[in-house]
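Geometric and topological summary
Given next are the chains, with one letter for each unit.
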Amino acid sequence: MLTTGCPSTNIDGMTTKTSIDISEPLSTDPERALAAVVALRHQADHLELLAVAAALDQGWSWSDIAQALGVSKQAAHKRLSPLVTAMRKPSR
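Here we summarise the structure given alongside this text. (Residues numbered from 1 in each chain as written. Predicted model: local features only at pLDDT ≥ 70, side-chain atom pairs only at ≥ 80, totals over all residues. Heavy atoms only, no water.)

**Focus on helix 1 (residues 30–57)**
Stated formally: Helix and strand assignments come from DSSP, with helices taken as H or I runs of at least 4 residues and strands as E runs of at least 2, each series counted from the N terminus. Expected span of a helix, by definition, is 1.5 Å for each gap between consecutive residues, and there is one gap fewer than residues. Buried, partly exposed and exposed residues are distinguished by accessible area as a fraction of the type maximum, computed with a 1.4 Å probe on protein chains only: under 20%, between the cut-offs, and over 50%, respectively. A contact between two residues is defined here by any heavy atoms of the two lying within 4.5 Å.
In this model helix 1 runs 40 Å from its N-terminal to its C-terminal C-alpha over 28 residues, within 8% of the 40 Å that 1.5 Å per residue would give. Ala33, Ala36, Ala39, Gln43, Glu48, Leu49, Leu50, Val52, Ala53 and Ala55 are the residues of helix 1 that are buried. Packed against the buried residues of helix 1 are helix 2 (62–69) and helix 3 (73–88). With its phi angle positive at about 90°, glycine 59 sits one or two positions after the end of helix 1.

Shown next, in the form of structure tokens:
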């Protein structure tokens, strides 16, 4: 079940809050179920970005990261490198 209104304390940097409760059977409310899918995708993307940044900080290569993610080095670098760079830029 997704929690309501409380930030994650398990992953550094994960403070995304959600108000989606999927404890009810998903078949009774497809709109809520699909909203939960979207929320989970956003959280998974954020977690992936944090994990990749941490791996790079610890000296992992893009080949290592790609292998851990089950994608090619080129795919990992093309999709994630700009996001890691943007995440690390100081905000103005």
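**Quick notes on the pattern of salt bridges**
In plain terms, the rule: Salt bridges are counted wherever a side-chain nitrogen of Lys or Arg sits within 4 Å of a carboxyl oxygen of Asp or Glu.
Applying the stated criterion across every chain, the model contains 3 salt bridges. Between arginine 79 and glutamate 48 there is a salt bridge, with its nearest N and O atoms 3.0 Å apart. Of this pair, arginine 79 sits in helix 3 while glutamate 48 sits in helix 1; the two residues are 31 residues apart in sequence, bridging distant segments of the chain. Judged by its relative accessible area of 43%, arginine 79 is partly exposed. With relative accessibility at 17%, the residue glutamate 48 sits in the buried group. For aspartate 57, the salt bridge goes to arginine 88, with nearest N and O atoms at 2.6 Å. Of the two residues, aspartate 57 sits in helix 1 while arginine 88 sits in helix 3, which places them 31 residues apart along the sequence.

Distances and angles like these do not, on their own, reveal function.
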